[in-house]
Amino acid sequence: DGPDMVRHLDFLLEIDNLNAIQWVQGAGAGPVTLWMDVMHRIQAGGKALYVYCTPEEVPKLLGELDHKGLMMVISETLPLDEARDLVRMVEKG
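The paragraphs below set out a description of the structure included in this document. (Residues numbered from 1 in each chain as written. Predicted model: local features only at pLDDT ≥ 70, side-chain atom pairs only at ≥ 80, totals over all residues. Heavy atoms only, no water.)

1. A word on the environment of Met71
Stage number 1. The residue Met71 is located in strand E3 (residues 70–74) in this model.
Stage number 2. For Met71, a relative accessible area of 36% translates into the label partly exposed.
Stage number 3. Along the backbone, Met71 and Tyr50 are 21 residues apart, and their C-alpha atoms lie at a distance of 4.7 Å. (Helix = DSSP H or I, 4+ residues; strand = E, 2+ residues; numbered from the N terminus. Buried < 20%, exposed > 50% of the residue type's maximum accessible area, 1.4 Å probe, protein only.)

2. Considering the pattern of salt bridges
Stage number 1. All chains considered together, the criterion is met by three salt bridges.
Stage number 2. Arg41 is paired through a salt bridge with Asp10; the nearest N and O atoms lie 2.9 Å apart. Of this pair, Arg41 sits in helix H2 (residues 36–44) while Asp10 is found in helix H1 (residues 9–13), placing the two residues 31 residues apart along the sequence.
Stage number 3. Using a relative accessible area of 31% as the deciding quantity, one classes Arg41 as partly exposed.
Stage number 4. The partly exposed category is assigned to Asp10, whose relative accessible area is 47%.
Stage number 5. Where Glu64 meets Lys60, a salt bridge forms, and the shortest distance between an N and an O atom there is 2.6 Å. With Glu64 and Lys60 both in helix H3 (residues 58–64) and four residues apart, this pair spans about one turn of that helix.
Stage number 6. Owing to a relative accessible area of 36%, Glu64 belongs among the partly exposed residues under this scheme.
Stage number 7. Residue classification places Lys60 among the partly exposed residues on the basis of a relative accessible area of 35%. (Salt bridge = Lys/Arg side-chain N within 4 Å of Asp/Glu carboxyl O.)

3. Digging into the sheet that holds E3
Stage number 1. In spatial order, the strands read E1-E2-E3; together these three strands make up an open sheet with parallel pairing. Each having just a single partner strand, strand E1 (20–23) and E3 make up the two edges of the open sheet. Strand-to-strand twist of the sheet, defined as the mean angle between neighbouring strand axes without regard to direction, takes the value 20 degrees.
Stage number 2. Sheet topology places strand E2 (residues 48–53) next to E3; five bridges connect them, and they run parallel. Bridging from a neighbouring strand, Leu49 pairs with Leu70 of E3.
Stage number 3. Lying over the sheet, H2 contacts E1, E2 and E3, oriented at roughly 155 degrees with respect to E2. (Pairing = 2+ DSSP bridges. Axes fitted to C-alpha atoms, helices over the stretch in contact; angles between N-to-C directions. Contact = heavy atoms within 4.5 Å.)

4. Some thoughts on the pairing of E2
Stage number 1. Pairing of E1 with E2, which is carried by four bridges, proceeds in the parallel orientation. By the bridge assignment, Ile21 is partnered in E2 with Leu49.
Stage number 2. On the question of chirality, the crossover connecting E1 to the parallel E2 by way of H2 is right-handed.
Stage number 3. Handedness of the E2-H3-E3 crossover: right-handed. (Right-handed = clockwise from strand over helix to strand, strands pointing away.)

Okay, here's the thing in structure tokens:
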């Protein structure tokens, strides 16, 4: 979990039965979008990516990451109309 996990990433990527990796950058490590290189490595290693993000980070994640196996959990509650707009954005890719 977080920056300390990165040193184990290559080992985790070698585990055939491991289908997904959850990336959590940890407290004080900045927004998840500062860790695009780690998320790219996870996807390049053939693993699905599970990530917590803010609504504001969704466009960058959609723009830079492979959508296949990308699971984004929005880390805040949104009003219904904003949530629907976000779902539409994700559906469009």
